[in-house]
Amino acid sequence: MKFLAFSDVHEQKKFILELVERAKRPDIDFVLCVGDFSSFGRGMKYVLRLFNELGKKMYVIPGNHEEGDKFESIVKEYPYCVSVHQKAIKVGDYILCGYGGGGFTTEDVQFRKIAREWYGMYNGKKIIFMTHGPAYGTTLDALPMGHVGNKDYRKFIERITPRVVISGHLHETVGAVDHIGKTQLANPGWEGMVIEVK
């Protein structure tokens, strides 16, 4: 199973159109977007429409630029676009667990509640974990002032061992890849990354 992941295109048409062209290829089974595909909500429908027209599923979570009560209703307008925000969805042999928004805090009480539910339901399953902000203590959250990622995401990753974690938010670490134990982490950024899972 092969997918194209991206984040933080912020309505930049050049990168959006390049991502759509890559997603068209027959080797791509679906697309993951981990947020900030708009500029404070502007351009959401444009991006969703283009990917919807491919006829392949795009699983999406909001970034801090898409936070708000309109996100879910807008995504629902496009049948091939699926919100995974605070949800777990089965895709092939995998469970997609998504948690969007934010990106500026090192702790998240709301996520802890959801993470406990997911652990109880999906421990031992093959998981792809999608967050907007990165987990704490990797190359994905390393800035000059130190690590700025989320410690609750990190704890969840260490506990449930997803196969892959995709996050964005930090433009300074676009393209970074790392591992927490056996879990592969990536910030695909606006140019995107093709990732294969088995």
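For the structure, see preceding data.
Everything in this summary refers to the structure shown in the same document. Remember, predicted model here, so these are calculated numbers, not experimental data. (Residues numbered from 1 in each chain as written. Predicted model: local features only at pLDDT ≥ 70, side-chain atom pairs only at ≥ 80, totals over all residues. Heavy atoms only, no water.)

1. Thoughts on the side chain of D8
Position of D8 among the secondary structure elements: in the loop between β1 (2-6) and α1 (13-24). Within the buried core, D8 has no salt-bridge partner, and the shortest N-O distance to an opposite charge, that of R42, equals 14 Å. A polar contact of 2.9 Å, which involves the side chain of D8, links it to the backbone nitrogen of H169. Not counting chain neighbours up to four residues away, the residues in contact with D8 comprise G35, D36, H132, G168, H169, H171 and W190. (Helix = DSSP H or I, 4+ residues; strand = E, 2+ residues; numbered from the N terminus. Buried < 20%, exposed > 50% of the residue type's maximum accessible area, 1.4 Å probe, protein only. Lys, Arg positive; Asp, Glu negative; His and termini not counted. Salt bridge = Lys/Arg side-chain N within 4 Å of Asp/Glu carboxyl O. Polar contact = N/O pair within 3.5 Å; in protein donor to acceptor, adjacent residues only side chain to side chain. Contact = heavy atoms within 4.5 Å.)

2. Looking at the sheet that holds strand β10 (residues 164-166)
The strand order across the open sheet formed by 6 strands is β5-β6-β7-β10-β12-β11, and the pairing between neighbours is mixed. The open sheet has two edge strands, β5 (87-91) and β11 (177-180), and neither has a second partner. Neighbouring strand axes in the sheet, compared pairwise and without regard to direction, differ in orientation by 20 degrees on average. Sheet analysis places β11 next to strand β12 (residues 183-186), joined by 4 bridges and oriented antiparallel. Bridge pairing links I180 to T183 in β12. Lying over the sheet, helix α4 (residues 109-122) contacts β5, β6 (94-99) and β7 (126-131), oriented at roughly 170 degrees with respect to β6. Running over the sheet, helix α5 (residues 151-160) touches β6, β7, β10, β11 and β12 and is turned about 175 degrees from β7. (Pairing = 2+ DSSP bridges. Axes fitted to C-alpha atoms, helices over the stretch in contact; angles between N-to-C directions.)

3. A closer look at the packing of aromatic side chains
A full pass over the atoms with the stated rule returns 14 aromatic pairs. Arranged with centres 6.3 Å apart and planes meeting at 75 degrees, the rings of F111 and W118 form a pair that is edge-to-face. Across this residue pair, the class does not change: F111 and W118 are buried. Three or more aromatic residues joined by ring pairs make a cluster, and in this case those are Y99, F111, W118, F129, Y153 and F156. Over the ring of Y46 we find K13; its NZ or CZ atom is 5.2 Å from the centre of that ring. Against the face of Y136 rests K151, its NZ or CZ located 5.0 Å from the ring centre. (Phe/Tyr/Trp six-rings, centres within 6.5 Å; stacked < 30°, edge-to-face > 60°. Lys NZ or Arg CZ within 6 Å of the ring centre and 35° of its normal.)

4. A look at the pattern of salt bridges
Once the charged atoms of two side chains with opposite charge are near each other, the side chains can pair. Within this structure, the stated rule accounts for 12 salt bridges. Notably, a salt bridge pairs K2 with D27, separated by 3.6 Å at the nearest N-O pair. Residue K2 is located in strand β1, and its partner D27 is located in the loop between α1 and β2 (30-33); the two are separated by 25 residues in the primary sequence. For E158, the salt bridge is made with R154, and the minimal N-O distance between the two is 2.9 Å.

5. Thoughts on unusual backbone geometry
Backbone geometry places D8, a non-glycine residue, at a positive phi of 60 degrees. Accessibility expressed as a relative area gives 0% for D8, which makes it buried. A positive phi angle, near 45 degrees, is found at H10, a position not held by glycine. Within the secondary structure, H10 sits in the loop between β1 and α1. Taking the relative accessible area as the measure of exposure, H10 reaches 15% and is therefore buried.

Function cannot be inferred from these measures alone, as they are strictly geometric.
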